[in-house]
Amino acid sequence: MSLVINTTTPEGIVLAADSRQSYRNLKGMARIGSDNAMKLFQINKRVGVGITGLAFLADDGIFKNISKFIEEFKRTSKIDKMDVEEVAEKLHSLFNKKYHWQEQLDLAKANIENDLKSKGCELQEIHRENYALKFRFKTPQGTIEEGMAGVDMIELLVAGYNRDGSHEVYGCQIPGEVQRRRNSKERNNEYGSSWIGQGDVVSRIVLGFDGRIGNVPFTKDVSARIGDAQMYEQLKGLEYAIQWGTMTLQDAVDFCTLMIQTTAAMQRFSDGINADPGDMPGVGGPVDVAVITADNGFVWVNKKKLRSGGNEVDLR
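Before going into details, it helps to say that this report is about the structure given with it. (Residues numbered from 1 in each chain as written. Predicted model: local features only at pLDDT ≥ 70, side-chain atom pairs only at ≥ 80, totals over all residues. Heavy atoms only, no water.)

### Remarks on the overall build of the protein chain
What counts here: Counting from the N terminus, the helices are DSSP H or I runs at least four residues long and the strands are E runs at least two residues long. Put simply, the radius of gyration uses C-alpha atoms, and a globule should come to 2.2 Å times the residue count raised to 0.38. Only protein chains enter the accessibility calculation, which uses a 1.4 Å probe; a residue whose area is less than 20% of its type maximum is buried, one above 50% is exposed, and one in between is partly exposed. Any two residues having at least one pair of non-hydrogen atoms within 4.5 Å are treated as being in contact. Each accessible area value is a Shrake-Rupley result obtained with a 1.4 Å probe; residue values ignore everything except the protein chains displayed when judging cover. Charge assignment in this entry is limited to Lys and Arg as positive and Asp and Glu as negative, and neither His nor the chain termini are counted. For this purpose, a charge sits on NZ of Lys, CZ of Arg, CG of Asp or CD of Glu.
If you tally the helices and strands in the protein chain, you get 7 helices and 21 strands. Rg of the C-alpha trace for the protein chain: 21 Å, near the compact-globule value of 20 Å for 316 residues, within the 12% margin. Across its three principal axes, the protein chain shows a C-alpha extent of roughly 65 × 50 × 40 Å. Looking at the protein chain as a whole, 43% of its 316 residues qualify as buried. Within the protein chain, residue pairs in contact and separated by at least 24 positions form 56% of the contacts whose partners lie at least 6 positions apart. Summed over all atoms, the accessible surface of the protein chain reaches about 17400 Å², with 48% contributed by carbon and sulfur. Of the side-chain charges in the protein chain, 40 are positive and 43 negative, and the distance between the mean point of each set is 4 Å.

### Thoughts on unusual backbone geometry
Both trends apply: most residues other than glycine have a negative phi, and most peptide bonds are in trans. Cis geometry marks the peptide bond from I174 to P175, where omega comes out at 0°. Structurally, P175 can be placed in the loop between β13 (167–174) and β14 (178–183). At N188, a position not held by glycine, the phi torsion is positive, near 70°. When you line up the elements, N188 lands in the loop between β14 and β15 (192–197). A relative accessible area of 70% places N188 in the exposed class.

### Considering the pattern of salt bridges
Counted only if it meets this: Salt bridge, as used here, is a side-chain nitrogen of Lys or Arg placed within 4 Å of a carboxyl oxygen of Asp or Glu.
Summed over all chains, the structure comprises 19 salt bridges. With a shortest N-O distance of 3.3 Å, K119 and D115 are connected by a salt bridge. On the basis of relative accessibility, which here comes to 36%, the residue D115 falls in the partly exposed class. Note that E125 is salt-bridged to R136, the shortest N-O span being 2.8 Å. On the criterion of sequence distance, the pair formed by E125 in strand β9 (residues 122–129) and R136 in strand β10 (residues 132–138) is long-range, its members being 11 residues apart.

### Quick word on helix α3 (residues 101–118)
Keep this limit in mind: Here the expected span of a helix is defined as 1.5 Å times the quantity of residues minus one. The directions considered for the arc are those from the helix axis to the C-beta atoms.
Spanning 18 residues, α3 covers 25 Å between terminal C-alpha atoms, matching the ideal 26 Å at 1.5 Å per step. Taken residue by residue, α3 has W101, L105, A108, I112 and L116 as its buried positions. Within α3, the buried residues cover an arc of 60° as seen down the axis, which keeps them to one side. Opposite the packed face of α3, turned more than 90 degrees from it, sit the exposed residues D106, N111, N114, K117 and S118. Buried residues in α3 make contact with α2 (84–98), β9, β10, β11 (144–149) and β13. Among the residues trailing α3, G120 stands out with phi positive, at a value near 80°.

### Some remarks on the environment of D251
Going by this rule: Identification of polar contacts relies on pairs of N or O atoms within 3.5 Å, with a donor-acceptor requirement for protein atoms, meaning one able to donate a hydrogen and the other able to accept it, and with residues adjacent in sequence counted only if both atoms are side-chain atoms.
Within the secondary structure, D251 is located in helix α7 (residues 249–269). For the pair D251 and I43, spaced 208 residues apart in sequence, the C-alpha separation works out to 24 Å. Here T248 takes part through its side chain, which lies 3.1 Å from a polar atom of the side chain of D251.

### Considering the sheet that holds strand β5 (residues 40–42)
This is how the line gets drawn: Only strands that DSSP links by at least two bridges are regarded as paired with each other. A fitted line through C-alpha atoms serves as each axis, taken over the contacting stretch for helices, and the angle formed by two N-to-C directions is quoted from 0 to 180°.
Strand order across the open sheet formed by 5 strands is β5-β6-β12-β13-β14, with antiparallel pairing between neighbours. This sheet does not close on itself; its edge strands, each paired only once, are β5 and β14. Adjacent strand axes in the sheet meet at a mean angle of 20°, parallel and antiparallel pairs treated alike. Judged from the 5 bridges that link them, β13 and β14 form a sheet pairing that is antiparallel. The partner of C172 across the bridge, within β14, is V178.

### Topic: the side chain of R20
Topologically, R20 is positioned in the loop between β2 (12–17) and β3 (21–24). The class for R20 is buried, based on a relative accessible area of 14%. Those residues within four positions of R20 in sequence are excluded, and the remaining contacts are S2, I32, S34, D35, K39, P281, G282, V283 and G284.

### Some thoughts on the sheet that holds β11
Taken in spatial order, the 3 strands make up an open sheet running β9-β10-β11, and their pairing is antiparallel. Looking along the sheet, the strands with just one partner apiece sit at the ends: β9 and β11. In this sheet, adjacent strand axes meet at a mean angle of 20° when their direction is disregarded. Two strands pair when backbone bridges link them, and β10 and β11 are joined in this way by 6 bridges, in the antiparallel orientation. Across the sheet, K134 pairs through a bridge with M148, a residue of β11.

### Section: the packing of helix α5 (residues 217–226) against helix α6 (residues 228–235)
Applicable threshold: In what follows, roughly perpendicular refers to angles from 65 to 115 degrees, roughly parallel to angles under 35, roughly antiparallel to angles over 145, and oblique to any angle outside these ranges. Each residue is assigned to one class: nonpolar for Ala, Val, Leu, Ile, Met, Phe, Trp, Tyr, Cys and Pro, charged for Asp, Glu, Lys and Arg, and polar for all the others, Gly among them.
Relative orientation of the contacting elements α5 and α6 amounts to 120°, with a least axis distance of 7 Å. Between α5 and α6, the angle is such that the two are oblique. For the pair formed by α5 and α6, the contact residues are T219, V222, S223 and I226 on the first element and D228, Q230, M231 and Q234 on the second. Each residue belonging to the contact of α5 with α6 can be placed in one class, and the counts come to 3 nonpolar, 4 polar and 1 charged.

Interpretation note: all reported values are geometric properties and have no functional meaning in isolation.
Right, here's the structure in full:
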């Protein structure tokens, strides 16, 4: 799954990513395939992208690493003139076409029906809600229960500077939409931090709660009483008061690196949460870090190299 984190400051933009690559084998079990995968890429002199989620996609019947499609995209014409939003939109379109998630959703529907039948349950309703399947079924004991299923997601975090000197950050979900997360032209939205992938540890540290808090019974009661918007507005009181607008570029590098290393360490000692044990330790390996500034563009601070014996070479 991995973790990619961005921090945008007045001095520049930081993008950081871990190196763990996981996959599902023929039995559907999640396994760690490598701790040397590239999740961070320079698109042009002003824009970078980090990617998490699905590690491989089928291309002409052969599974290929996600990084291959990024590298192919970088060789397209007019890439140097693209601004941040255009890069985000084009990458979203590319992976939306390459990842046949609609077919995967159809397969998931059939799997749900077969799984419930094998357990003696009676499927009463199943329908698509946004990019997932929501279903209701009757158990052999006669109780009515609900469930939701979806497909593995690809997430992108695109950040950088436009040709006019403004900066932006976009989050892309496949299946899903493109969402602008940071914009230097919007007041109070210029600086801050965003993350994709296994961000539960970062959320707990920075925001004060895990996104899965919405599944806890007492929060459902509160939400029913005052609504989701008001509940989460009150939870914002737990967020650490970090002055992103005064943060130096070095501090932003340290912050991003710390969040990834802390997540990897927590996953080493834990096995998911009590309400949902068995989570995949998807964050690990070296931390790649890049900075993007208005004057110097995209610059690598730390980047994995190929090693053999005492030799090192950078081919990526």
